[in-house]
Amino acid sequence: VGPDADAHVYEPRPGDARLLTGASLVVINGLGFEGWIERLVRAAEFRGETIVASEGIVPRKTNGHPDPHAWQDPKLAKIYANNVLAGLSRAVPA
């Protein structure tokens with residue numbers, strides 16, 4: 001998703017699937033933030049490491065729905081960072 005674009009409503013293009021096919025790592029926010037990403041990962045037949053940065057987070061609810069912007073809470077941002085670090089360590093041990 002480029003500058004000035006909204007990740008909530010992004011519509012992937014065929015080129016996005018081609019880029020993903022050659023990637024070794026995908027980082028997903030999770031919590032429904034980017035509802036399109038899981039379909040894109042499947043369509044690209046992505047075989048690399050997938051990190052869900054929000055794994056283990058219990059987000060606050062907004063209007064009865066999980067708030068996918070959990071990184072805005074500093075305590076939860078630390079969980080995001082640790083999840084990404086763990087995923088990067090698995091994908092690129094060196």
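Residues numbered from 1 in each chain as written. Predicted model: local features only at pLDDT ≥ 70, side-chain atom pairs only at ≥ 80, totals over all residues. Heavy atoms only, no water.

**Quick notes on the pairing of strand β1 (residues 25-28)**
Note the threshold: The rule is simple: take the accessible area with a 1.4 Å probe, protein chains only, and divide by the maximum for that residue type; under 20% is buried, over 50% is exposed, in between is partly exposed. To qualify as a helix, a DSSP run of H or I must reach at least 4 residues; to qualify as a strand, a run of E must reach at least 2; elements of each kind are numbered from the N terminus. We treat two strands as partners when DSSP finds at least two bridges between them. Crossovers are described as right-handed under a simple rule: with the strands pointing away from the observer, the path leading from the first strand over the helix to the second runs clockwise.
Of the two faces of β1, only one is covered, namely that formed by V26 and I28; the face formed by L25 and V27 stays uncovered. Relative to strand β2 (residues 49-52), β1 runs parallel, the two being bridged by four bridges. From the neighbouring strand, I28 faces β2, where its bridge partner is V52. One crossover worth recording links β1 to the parallel β2 by way of helix α2 (residues 37-43), and it is right-handed.

**Overview of the nonpolar core**
To be explicit about the condition: What is meant by a nonpolar core is a set of buried Ala, Val, Leu, Ile, Met, Phe, Trp, Tyr and Cys residues, joined one to another through side-chain atoms within 4.5 Å. Residue contacts are defined here by distance: any two heavy atoms, one from each residue, within 4.5 Å place the two residues in contact.
If you look at the biggest cluster of nonpolar residues, it comprises 11 residues: Y10, A17, L20, V26, I28, W36, I37, L40, V41, A44 and F46. Listed by contribution, the elements that provide at least two residues to this core are α1 (14-21), β1 and α2. With three residues, the top contributor of residues to this core is α2. Excluding residues within four positions of it along the chain, I28 makes contact with E34, I37, T50, I51, V52, A53 and S54. A53, I57, A70 and Y80 belong to the second largest nonpolar core, which has five residues in total.

**Some words on helix α3 (residues 74-91)**
For clarity, the cut-off: Every helix has an expected span of 1.5 Å times one less than the residues it contains. Think of it as the arc spanned by the lines of direction from the helix axis to the C-beta atoms. Pairs of N or O atoms are called polar contacts if they sit within 3.5 Å, as long as, within protein, a hydrogen donor faces a hydrogen acceptor (for residues adjacent in sequence, only side-chain-to-side-chain pairs).
Between its first and last C-alpha, α3 extends 26 Å over 18 residues, near the 26 Å set by a 1.5 Å rise per residue. Of the residues making up α3, those classed as buried are L76, Y80 and G87. Buried residues of α3, seen end-on, are gathered within an arc of 55° and therefore sit on one face of the element. Set apart from the buried face of α3 by more than 90 degrees, the exposed residues are P74, K75, K78 and L85. For α3, the elements touching its buried residues are β2. Here α3 starts with a cap whose side-chain oxygen sits 2.8 Å from the backbone nitrogen of K75, and that cap is D73.

**A few points about the packing of aromatic side chains**
Note the threshold: Two aromatic rings, drawn from Phe, Tyr or Trp (for Trp, its six-membered ring), form a pair once their centres lie within 6.5 Å of each other, and the interplanar angle then sorts them: stacked below 30 degrees, edge-to-face above 60, tilted otherwise.
Applying the stated criterion across every chain, the model contains three aromatic pairs. For the pair W71 and Y80, a centre-to-centre distance of 6.2 Å together with 85° between the ring planes defines the contact as edge-to-face. By relative accessible area, Y80 is classed as buried at 9%. Following the ring pairs from residue to residue traces out a cluster consisting of F33, W71 and Y80.

**With respect to α1**
Those residues of α1 lying buried are D16, A17 and L20. Buried residues of α1, viewed axially, fall in a sector of 100°; they line one side. Seen from the buried face of α1, the exposed residues on the opposite side, beyond 90 degrees, are P14, R18 and L19. Of the surrounding elements, those touching the buried residues of α1 are β1 and α2.

Interpretation in functional terms is not warranted from these geometric data alone.
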